[in-house]
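Examination of the molecular architecture
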Amino acid sequence: MKKRFPLHSGKRLMFLILCLYSFGVFAQNVTVRGLVSDTQGEPLIGVTVRIEGTSQGTITGMDGRYVLANTPSDATLLFSYVGTKPQAVKVNGRTTINITLVEDVEMLEDVVVVAYGVQKKVAVTGAISSVSTDELRVSSSASIANALAGRVAGLTSMQRAGGRPGADDATMYLRGAATLNGVTPLILIDGVPRDNIRTIDVNEVESISVLKDASATSVFGVRGANGVLIITTKRGKVGKPELSVNVTQSYSRLTREPDMPGSVEYMHLRNQALVNDGFEPAFTPEVIAKFENPLAGLDPNDPDYEEKAALRKWMYPDNDWYDILIARWSPQTNVNANMSGGTDKITYFLNVGYLHQGGNMKTLSEDILKYDPSFKLDRYTFRSNVDYNVTKWLSAYLNLGTYIEKVNMPNPGVMYGGDRNWLVRDMLYQAQAILPISPGPLTIAGFGVPANKPLDPTYLTSGHYADRSPVMIMNWYGYNLDTRSNLNSSFGLNFKLDAITEGLELRGMISYDARGNSMTRGNMRQTDYQAFVDPETDELTFSVHELHQDNFWMSYGQGSRYNMNLQGQLLYNRAFGKHSVAGMLRAERDYWDSGGAAIPFNVLGMAGRATYDFDSRYFAEVDFGYNGSEQFAPVKRFGFFPSASVGWVISNESFLLDNPLITFLKLRGSYGKVGNDQQGGYRFLYQDDIRVGGGFSGSLAAGKGINEGLLGNKVITWETANKYNVGVDFSIATDITGQVDFFKEHRSDILLQRASIPVWQGTPLNYIPRVNMGEVENRGYEIELGYNKQVTRDLFLQFKGQFSYNRNKRLNVDEVPRDDTYAYKYRGTGYPLGQNWGYVIDWDQDGGYWTEETLADPDRVTYAFGTPIPGDFVYKDLNGDGIVDDKDQAPIGVGHIPRYSFGASFSAHWKGFDAYIFFQGLAKFNSTFAHQGTYETVLRGTYFPYHKQSWTKERWEKGEKITYPALHSQTTVNHRTNSFFVFDRDLVRLKNFEIGYTLPKNSLKVLGVSDMRLFFNGQNVLTWSPKFRPYHLDPENDDSIGYPQTTIFSFGTNIKF
Amino acid sequence: MIKQYTTPIIALLVLVAGFSLHSCSDVLNQAPDGKITLEEVFQDDEKVAAYLNSCYLYIPAEGKNYFFWMRGPVDWSDEAWDTDAEAESWITSGQLYSGNVSASSHFNTQWAENGNGNYWVRMWTAIRKCSVFLANIDEATVKSEANRSRWKAEAHLLRAYYYSILLRFFGCPLPIMDEPKGYADDFSGTERSSYYDVVQFIIQDCNAALSSPELPWRITSGHEAYRFTKAVAEGIKSRMSLYAASPLYNEGGNYWEEAYQVSKSALSNLLANGYALYDKVNYSSWNNNPDVHLPNDGAKLFNEYFCNNMGFETNPTDKETIYQTSAGQDWIMTEGIGAVMGYKSGSCPSQEIVDCFETIDGQPILDLAKPYLDEVTHLKPNFNPNNTLYDEQNPYENRDPRFYASIYYNGSLRTCYWIFDETTESVENYPAKKGYRTRVVATWEGEPQTGRHPTTRKATRTGYFLRKFLHPNSGQEVVTAAHARAKVLRLGEVYLNLAEAAAEAGHTQEAYNAVNTIRRRVGMPDLPQGLSKDQLILRIRNERRVELAFEAHRYFDVRRWHKPNEDLEKTDRWITAAKITRNDDGTYTYNRGPVSRERLCYQNKFLWFPIPMNDVNIMLALTGENWQNPGW
């Protein structure tokens, strides 16, 4: 809503005045001037003033004034402006015409992108939300999918997998989840299903629409049940060329970092854990004393004192390996230039962008290594969208969008399967697990080994455990450069067939996407060393840990894939008095190659829509999709997915027409069926998967064997979602807008693996045919609220908020009930997706922990899986049989899909200054984090802040706060999945803030700059997660040792020429 | 007006029709990708063979390939302590020692590798495949009737082998599946079988295999390596009939005579068909090689037998091995003192197994009827008063040659590439640099390289390291020698099966003969004549413990010998270590002590693995009966 003060005046329309030369056509031409203002008397900037019947016109300037020369004195002037009712004024010989434009509530948000087209907002009867890219531009995320988090009602976007450069894909849930299979929404970029949302440049994007209910998505048929995201890229507009340049420089660090214990604290904690397990302490008081005072026994008068002291400190260090391995502020640069404009014949939008993202691991410099293993991403994006009006009835367009992305990182070739994520996990894991008492990371001179060579600090971490050292992984094994390139291209023709019947149009489009990826890998094997410090003699010895010839060799790999999409569409749109009708019929074919060793995919479909609008009061719409997917057997191949919806704009009824309070009110309702053909990566499930493969002995069938895989189900079909939606759109006075939706979905025929068949019949359960048996119910609501207020001429305030809730329940998962001795008969049926099960800690019994007294009670419950010691968790014996075992497991938490998702932004503009702040949150979701990153038992003990206040007898007796059970050196009864380790991940973030200043226009005119703005912003600035116990982790990340989220601060400028 | 539109409209309509509607069904038909049907399999000679070939794929590798290079049942018995129990406590041994297992969360279903683990699913899958093959083979298209006969025999035998694995781990809540079941069949009437009946079914399958003239006694070409033979059938019959007769499984029946007959005929058939004990030193790595540090030929031949793969030829060096699994056993660097790369010790032999090796005069060290005065904690050995050679403070002198071939102990020598420089604390070995050299394996408390340590992965927990499977040439800087593949059936076991069954059935002299044959080959004296039946059985059981040490028998043996009124407390609860103090004068003081904590896996439920919880629930719902093993 920048209608009065278009700060980013990207949408400003500029018509070329073509007819300035048309002297003499009319005898009596005059120059008309005037002021255009709104109902409050404020001048309106950018109002189009046009002479009816010509293309001659102008727009109002910064002061709301216009000048229109050569205007026939009998002409009619047309004034139009976004969000107001257009006015036509006869000149009648006047030379000054001042007018006031009246707001048109119906036009507030002009149009909305819907499936395969646009609709006026007022006519939309489905549940659709959209987001402007101006808002997303504040985000420093390299991916739009992540920038969407919290900004769209009903859409939950999470960085579950973390933020490694080049692998920061978002997990998206639209209205939660309603299936055991894929929940990913369908994403269309310019009308074509495409998967490059991660890489698209936000500056290329005009709008993002989120289609939620059946009415909005049934045209997508078997692909629409999880909802649809429609990304529309920018197009040129008639007007003089406008060049816009944006430059941003950012610095990022990890959102959360564990505060690891120092050497002395570590040794005490470790000793405590060992003693609890009945072992001898690992560190004697003498050794601890060495670390407490490494310089003890040195003579300060010794001439070599400094040198010796330095050595002692090196031998008895207090290393913070997190600090040694993790970079605190790594740079990110974003540069973008785009240009748009055009004439009546041709319009164009051109964009070029460059993104550089640095990683948050401290790698050694290229000077030392001779190659660069650092984590970084460089992405170049280009786009050219050109429209060409061939004739009055034929237009053509060509969209070309490409990117080249280079992702550099250390060589993952040493990891299992060369897994890139594993490499990151291993590094973070080791950064936590290397002991503060371990010297390193490089060798030092004077001990018979070369200086500054890699030293393996895990030697002390894990005893004689020859695992990979993070210093080695990060630096000394070489580097890996992945290059990906992608072309999205679409060519289309639009025929206006008004000659056949008015309002008829035919469109055709062919799209071709191609992707290539290549890998360049420098492999290195480097000798590394181990240090051995003898605290008794203060002797330091080095030995070779792994001996290698320092040879370096290269390896390469590459792959490619494509995607073809063909579509044809017939449109009809016409008004007859108070009746408006519109219709759409389309056919589409998609085929693509997934890039893996798989047969290309094929999808075929038709879709249609008919809408009816009576007097802008009553609306009705019918949609259908008819798709066929090769995934299904011929008898079950095509599915028909209809939907219907109605809308009633009550505020256009006479009794509300001039109501000053309720300025807009619409009721909507929809019902329909949509399908989902995501089948968990399986294909052709209707066929038995029996193949000739490898066997056991070369002497039988020349070494061949018969692999019996998944058996086929001849009648396999898609999931069907029955969706209901009711909604209200409203405006109160002129400041407040809102939208509320309630939905309910019943998903049936969900493909699942049978769970009621015994194993011993011999066909492995995962090879028993998948069946369409599952049923899930999902319901919830969404609220969007907006507030816009021009407080004074200089001060503009805005609020936008959204709040969404979803809740699913599995109704049938083919589960066999447990017998009556179980506390709970079912573990899936009746519970939400991802429900955690575990032991329930009895927090009421001595705070949840055993004590010597309670353990001595002969009538106490026993554990079927071990024996507790004082300070271990007390679990509830839910079935009352005296033994805590499987039968006592209970549902803990509410599953891993956030039930609540919300966001709220506030912005203010005052003169040249603007400020923006955005909070985002997720609530009601739980996950288990086990072992690395959360347990204290890892390797030789990892102690995070919550371990430091573990249960001890002293702490218990003194009544001190206890945040963790008794420490152990091994996994024990405490480490069973339980209500402590099923963590509550509620979080609220100060996701973004931005402060900007737009320079006065006059100051820059000499440079040819029309607009210049400077800004400073931040992302993930603060995170609150009060109930999340492992506070050292980012609650959004599913992996306790995955690459975390980053906090980013940026400054930059937008310049328009 | 209309006219000017016509051409483009028609063009577009054709285009639309062309790419969308034309031959709808064709574009959605799947391109051929090599899938076939089961019917097609049995209509083609080569595919029939291929199906059988797949039936073989389920044989567990055993040996040290259980999970994360560990020895499974060896570490779960009183033979050894697994160093991963502390270092990687969430996997197999760690879970078991802390009793931290349940029907829904058990290492056997969580950690599987090389076919070891997840037996409940794996074996039933394998059994079904064999049954499918057997149901189809008679009518299948097979070019050679000789092949048909041999393949059928192999499928019978594979099914018998897979059933035997299920029986060993799960006891007997098993149905007999003689015909393949469909997943959609009605299972509500399914009945459990008795242990004896399942063993009879196994023996039937073995007999079916033996009746085929085409199934060979021995694989004589490398091309056919690791395929089953008649010898395998005899081995399975001998083992499983012994199990069926044992106290835990006989359900009050006396099947010893039957077991005796089966093993007797198995042994004579095996001997008649070229199988023989490995009875001499054959390889130069052992023969006249001072670096093997073994005292006599008995020790050398015993060590080299386990360190070399069997050959597939008409007259192989190793005629003892009946079946050796095909899976590689990985590099020795991952286990024991051969862990020259510093990985882990793995199975550390217990003081209990060390106590079993007699002195060279054939006297047991302990009273076999009551080896420890404190029967559970094992800290007070009940010495055999007739043993005059054993010296508690010089315990490794004068022992059974197999002791030296099986165990590294304090003071033993090993020549290999040692990857560390000696420090002053390593008194016996200092000074010495990293490199190829002879080192005293010192295991006293505080020895920095090979001393006992409670948690370090590479250290010993018990004061001993495993030697039995360790090739002396494995100690190169760049490790090239792999462990020999696991010998899962060998003639030595059949002798001992026979000895036990014969003794139990009252065929005393045959029992003596069998057990003495085993003793003579390593140079141990015969058992004294005139032992009572109970005494003889104790000696045979001890012989079995020594001869088959670390070959994954003990875990099953203590179970099948289990008496109903006891639990596994005497064997599986406390495992002791040699706690050796090095005195200032260079002598050692030998004490015994617990390795660390008690193992919490000695209750009766640990006789068997639990059946995975889901299957139990399903069977309960289908049949109304609880199929779970007792205690789970």
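Residues numbered from 1 in each chain as written. Chains lettered and ligands numbered in written order. Predicted model: local features only at pLDDT ≥ 70, side-chain atom pairs only at ≥ 80, totals over all residues.

From N to C terminus, chain A includes 13 helices and 48 strands. The C-alpha radius of gyration of chain A comes to 33 Å, within 12% of the 31 Å expected for a compact globule of 1057 residues. Oriented by its inertia axes, the alpha-carbon framework of chain A measures out at about 110 × 80 × 70 Å. Burial statistics for chain A: of 1057 residues in total, 46% are counted as buried. (Helix = DSSP H or I, 4+ residues; strand = E, 2+ residues; numbered from the N terminus. Rg over C-alpha atoms; globule rule 2.2 N^0.38 Å. Buried ≥ 20, exposed ≤ 12 C-beta atoms within 10 Å, placed from the backbone.)

Of the regular secondary structure elements, chain B holds 22 helices and 10 strands. For 632 residues, the compact-globule estimate of 2.2 N^0.38 gives 26 Å, and chain B sits close to it at 28 Å. By principal-axis analysis of the C-alpha atoms, chain B measures approximately 115 × 65 × 50 Å. In chain B, the share of contacts with a sequence separation of at least 24, taken over all contacts with a separation of at least 6, comes to 70%. (Contact = placed C-beta atoms within 7 Å.)

Turning to the environment of glutamine 200 of chain B, a few remarks are in order. Assignment of secondary structure puts glutamine 200 of chain B in helix H11 (residues 195-210). For the pair glutamine 200 of chain B and threonine 424 of chain B, spaced 224 residues apart in sequence, the C-alpha separation works out to 62 Å.

The next thing to look at is the interface of chain A and chain B. Each side of the interface is counted separately: chain A has 72 residues, and chain B has 84 residues. Of all the elements in the fold, those that place two or more residues in the side of chain A that touches chain B are strand E22 (478-496), strand E23 (504-524), strand E25 (539-546), strand E26 (552-576), strand E27 (579-592), strand E28 (601-614), strand E32 (690-694) and strand E33 (704-708) of chain A. When residues in the side of chain A that touches chain B are grouped by element, the largest group, 4 residues, is from E33 of chain A. Considered class by class, the residues forming the side of chain A that touches chain B number 32 nonpolar, 27 polar and 13 charged. (Nonpolar A, V, L, I, M, F, W, Y, C, P; charged D, E, K, R; others polar.)

This part is about the sheet that holds strand E3 (residues 57-59) of chain A. Residues and elements named next belong to chain A. With antiparallel pairing, 4 strands are arranged side by side in an open sheet as E3-E2-E5-E6. What marks the edges here is a single partner per strand, and that holds for E3 and strand E6 (87-90). Put simply, the sheet's adjacent strands are angled 20° from each other on average, direction ignored. Of the pairings in the sheet, the one linking strand E5 (residues 76-80) to E6 comprises 4 bridges and is antiparallel in character. Paired with leucine 77 across the two strands is valine 89, which belongs to E6. (Pairing = 2+ DSSP bridges. Axes fitted to C-alpha atoms, helices over the stretch in contact; angles between N-to-C directions.)

What follows is about unusual backbone geometry. The omega torsion of the bond from glycine 440 of chain A to proline 441 of chain A falls at 5°, within 30 degrees of zero and hence cis. One can find proline 441 of chain A in the loop between helix H9 (420-433) and helix H10 (458-461). Here the amide bond leading from tyrosine 430 of chain B into proline 431 of chain B is cis, since omega sits at -5°, within 30 degrees of zero. As for its placement among the helices and strands, proline 431 of chain B is situated in the loop between strand E5 (412-418) and strand E6 (435-441).

With that settled, the discussion passes to helix H9 (residues 119-137) of chain B. Spanning 19 residues, H9 of chain B covers 26 Å between terminal C-alpha atoms, matching the ideal 27 Å at 1.5 Å per step. Buried residues dominate H9 of chain B, accounting for 14 of its 19 residues. (Expected span 1.5 Å × (residues − 1).)

What follows deals with the environment of glutamine 761 of chain A. Tracing the backbone through its elements, the reader meets glutamine 761 of chain A in the loop between strand E35 (736-752) and strand E36 (771-790). The exposure class of glutamine 761 of chain A is buried, given the 22 C-beta atoms found within 10 Å. Excluding its chain neighbours within four sequence positions, the residues that come into contact with glutamine 761 of chain A are Lys181, Tyr183, Asp185 and Phe187 of chain B.

A general trend in soluble globular proteins is that nonpolar side chains are found buried together. Core analysis: the biggest nonpolar cluster contains 104 residues, and Met123, Leu157, Tyr162 and Ala499 of chain B have the highest contact counts within it. A total of 12 residues in this core trace back to one element, the largest contributor, which is helix H10 (residues 145-170) of chain B. Apart from residues lying up to four places away in sequence, alanine 499 of chain B is in contact with Ala511, Ala514, Val515 and Ile540 of chain B. Grouped together as the second largest cluster of nonpolar side chains are 85 residues, Ala864, Tyr964 and Phe980 of chain A together with Tyr408 of chain B included. (Core = buried A, V, L, I, M, F, W, Y, C linked by C-beta atoms within 7 Å.)

When two helices pack together, you describe them by how their axes are tilted relative to each other and by the distance separating the axes. Residue and element names in this part refer to chain B. Remark: H11 packs on helix H12 (residues 230-245), axes separated minimally by 9 Å, with the N-to-C direction vectors making an angle of 165°. With respect to H12, the axis of H11 lies roughly antiparallel. For the pair H11 and H12, the sense of crossing is left-handed. Residues Tyr195, Tyr196, Val199, Ile202, Ile203, Cys206, Ala209 and Leu210 of H11 form the contact with H12, whose participating residues are Lys230, Ala233, Ile236, Lys237, Met240, Ser241, Tyr243 and Ala244. Of the residues that constitute the contact of H11 with H12, the class distribution is 13 nonpolar, 1 polar and 2 charged. (Parallel < 35°, antiparallel > 145°, perpendicular 65-115°, else oblique. Left-handed = near helix turned anticlockwise from the far one by under 90°.)

Let's shift gears to the domain arrangement of chain B. All names here are of chain B. Under the domain assignment, chain B is made up of domain 1 (40-275), domain 2 (331-482 + 574-601) and domain 3 (490-573). On a C-alpha basis, the centres of domain 1 and domain 2 stand 34 Å from each other. Contact residues are listed per partner, giving 19 residues for domain 1 and 22 residues for domain 2. Elements represented by at least two residues in the side of domain 1 that touches domain 2 include exactly helix H5 (73-76), strand E1 (80-82), helix H6 (84-87) and helix H7 (92-97). Counted by class, the side of domain 1 that touches domain 2 contains 8 nonpolar, 3 polar and 8 charged residues. (Domains from an automatic or database assignment.)

A few words now on the packing of helix H4 (residues 45-55) of chain B against H10 of chain B. Residues and elements named next belong to chain B. It is at 10 Å that the axes of H4 and H10 come closest, and there the two elements cross at 20°. Overall, the two elements H4 and H10 adopt an arrangement that is roughly parallel. Crossing geometry of H4 relative to H10 is assigned as left-handed. In this structure, H4 contributes Ala49, Leu52 and Cys55 to the contact, and H10 contributes Trp151, Glu154, Ala155 and Leu158. A breakdown of the residues in the contact of H4 with H10 according to their chemical character gives 6 nonpolar, no polar and 1 charged.

Remark on secondary structure: sheet strands pair via backbone hydrogen bonds, oriented parallel or antiparallel. Residue and element names in this part refer to chain A. Taken together, 3 strands build an open sheet; the order of strands is E4-E1-E7 and the sheet is mixed. Either end of the sheet is taken by a strand with one partner, and the two such strands are strand E4 (65-72) and strand E7 (99-101). The mean angle between the axes of side-by-side strands here comes to 35°, regardless of whether they run parallel or antiparallel. In the sheet, strand E1 (residues 29-38) pairs with E7 via 3 bridges, with the strands oriented parallel. By the bridge assignment, valine 36 is partnered in E7 with isoleucine 99.

Taking 1.5 Å of rise per residue, 16 residues should cover 22 Å, and H12 of chain B covers 23 Å from first to last C-alpha, within 8% of that figure. For H12 of chain B, a buried count of 16 out of 16 residues is recorded, marking the element as mostly surrounded by other parts of the structure.

This part takes up the pairing of strand E11 (residues 155-158) of chain A. Residue and element names in this part refer to chain A. Burial along E11 is two-sided: the face carrying Leu155 and Ser157 and the face carrying Thr156 and Met158 are both buried. Pairing geometry for E11 and strand E12 (residues 171-174), over 4 bridges, is antiparallel. Opposite methionine 158, over in E12, you have threonine 171 as the bridge partner.

On to the confidence of the model for chain B, then. Mean pLDDT over chain B: 91, with 92% of residues reaching 70 or higher. Reported confidences for the modelled complex are a pTM of 0.81 and an ipTM of 0.89. (pLDDT = per-residue confidence, 0-100.)

Residues and elements named next belong to chain B. Turning to its location among the elements, tyrosine 249 is positioned in the loop between H12 and helix H13 (256-272). For tyrosine 249, a count of 23 C-beta atoms within 10 Å gives the class buried. Between the alpha carbons of tyrosine 249 and glycine 171 there is a distance of 8.1 Å; along the sequence they are 78 residues apart. Setting aside chain neighbours within four positions, we find tyrosine 249 in contact with Tyr195, Tyr243, Ala244 and Arg560.

The next thing to look at is the confidence of the model for chain A. All names here are of chain A. Taken as a whole, chain A shows an average pLDDT of 88; of its residues, 95% reach a score of 70 or greater. Mean pLDDT values over the elements of chain A span from 54, in H10, up to 96, in strand E41 (residues 890-892). Low pLDDT, under 50, characterises residues 1-27; the predicted model gives this stretch 47 contacts beyond four residues in sequence or across chains. Counting interchain partners and residues more than four positions distant, the pLDDT-below-50 stretch residues 461-466 has 21 contacts.

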